[in-house]
Amino acid sequence: MGCSKSRASVHWQRLKAACPATPVTRFAPSPTGYLHMGHLLSMAYVFAIADVAGAKVLLRFEDHDRQRCRKEYEQAILDDIAWLGFIPDNWPYVVRQSERGERYRQVMGQLRQEGYTYGCSCSRKDVAALEDQVGEELLYPGLCRDKGLEVKEGVGIRLRVAQGTERCIDLMQGAIEQVPAQQCGDFLLQDNRGNYTYNFAVVVDDLDQGVNLIIRGKDVMHCTGRQLQLGRFLGRQETPLFAHHSLIYDTTGMKLSKRSLSEGIIKRRLAGDAAADVLGEALWLGGLLEAPYPVKAHDIAAAFRFPNSFC
Ligand SMILES: [Zn+2]
C-alpha cells in the first residue's frame, strides 16, 4: 500500500528479487508480415524491463515457418527497428531460426535417442474430431504413443509429456502454474510437413542463447509450462523469469478494429511520421499512457513510470 501503482503493472520488486545474475532477454518477431502496433508495444516492454534489469536484448527472427516468411518483411522489420531506436545488443547480427536447421536436427536426435519423442501420423483433423476435448486447445490423447511409428515424410514428432505441474514466476501475472499433460498432452515438436514447431524452436533458441528473462505477449502464456518441461528435458538447469504482458487488443479491442491495429509501422515511417509519436501511440493503445504523447526509445523505462512506481 501507499505506492502509486504503475499502469504497466510490471512488478518491479519481483524483478529485483528474481532477476538472474546475468539477465538476457530477446525480441523475436516472425517475418510473416510487417511490424504493427502490437509488436511495438511488445518491444517497449522488452526494452523497458531490460533497461531496469540491465539485461542484454537479442534480436531473433522466428522464421521456422518457411511457407509464410518473406525476406521483404525481414528487411522492413530491420528498418523499423533502426528507425524506432530500439537497438538490440547483437545488432546488426540477427539469429534466424531458418539458419539453425542443423542444430534443431541434432537436438531432435538427442531427444529421440533418450526416448522423449515418438512419431505421430494423426492429422489435426483426426485430433480435433476426438470427443474429449476440453478448453480451447487440442489435447492430444497419445494415440500414437506406443505405435513405434517410423519418422518419415508425413509423420510428425511429438514429445512424451510428463505428468506434473510446471511452475515459474511472472513479473506481471504473479506465479504461473500449468499442467501440460492436461492442457495439450504430447505436443508436436515437428509437424508432418517437416516444420519445427514454435514450441520446439523457441526452447532450443532460448537455451542456446542463454535467454533467462522472457518478455512476451499474454497470448502465448498457455505455452509456458510445456516449454519449461521441454527445456528441462534438454538439460536446462534454471527456470527463466517471465513477463507476459497484455495486448493492445485487451485494452482497446472494442474501440479499434483488428485491421487498423495490424497496419504496418512501415506505412507511418514512410509517411514521414516521427518515431516518438508512433511509439507513444502504441503505449497509449496498450494502456500505458493516458494520452498518446511522444516517447523516445531511450526514455522507454520512464514511460513505465520507473523508478517512481517501484512498489
Ligand atoms: Zn498420432
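Model, not experiment: these values are computed from the prediction.

Examining the overall build of the protein chain
On a plain count of helices and strands, the protein chain comes out with 13 helices and 10 strands. The buried share of the protein chain, reckoned over its 311 residues, is 51%. Looking at the protein chain alone, contacts between residues at least 24 apart form 79% of all its contacts between residues at least 6 apart. When the accessible surface of the protein chain is split by element, carbon and sulfur atoms take 49% of a total near 15300 Å².

Considering the coordination of the zinc ion
Donor atoms from the polypeptide that coordinate the zinc ion comprise C120 (SG), C122 (SG), Y140 (OH) and C144 (SG), at 2.1 to 2.3 Å from the metal. For the zinc ion, the 4 donor atoms are set out with angles of 102 to 121 degrees between them, so the coordination reads as tetrahedral. On the primary sequence, the residues serving as donors to the zinc ion are separated as C-x1-C-x17-Y-x3-C. In this pair, C122 sits in the loop between β4 (117–120) and α5 (124–128) while Y140 sits in the loop between α5 and β5 (156–159), placing the two residues 18 residues apart along the sequence. Each member of the pair, C122 as well as Y140, is classed as buried.

Side note on the packing of aromatic side chains
In the structure shown here, the tally under the stated rule is 6 aromatic pairs. Considering the side-chain rings of Y196 and F200, the 5.4 Å spacing of their centres and the 25 degrees angle between planes classify their relative orientation as stacked. Just as Y196 is buried, F200 falls in that class too. An aromatic cluster of at least three residues, connected via ring pairs, comprises Y104, Y196 and F200. Geometry around Y140 places R158 over its ring, the cationic atom sitting 3.5 Å from the centre.

Quick word on unusual backbone geometry
Omega for the bond connecting W91 with P92 falls within 30 degrees of zero, at 0 degrees, which places this linkage in the cis form. For P92, the position within the fold is in the loop between α3 (71–84) and β3 (95–96).

Each value, and the rule that gives it
Residues numbered from 1 in each chain as written. Predicted model: local features only at pLDDT ≥ 70, side-chain atom pairs only at ≥ 80, totals over all residues. Heavy atoms only, no water. Helix = DSSP H or I, 4+ residues; strand = E, 2+ residues; numbered from the N terminus. Buried < 20%, exposed > 50% of the residue type's maximum accessible area, 1.4 Å probe, protein only. Contact = heavy atoms within 4.5 Å. Areas by Shrake-Rupley, 256 points an atom, 1.4 Å probe, with all protein chains shown as cover. Donors = N, O, S within 2.8 Å, 3.2 Å for Na, K, Ca; no water. Tetrahedral: all angles 85-135°; square planar, octahedral: opposite > 155°, others 65-115°. Phe/Tyr/Trp six-rings, centres within 6.5 Å; stacked < 30°, edge-to-face > 60°. Lys NZ or Arg CZ within 6 Å of the ring centre and 35° of its normal.

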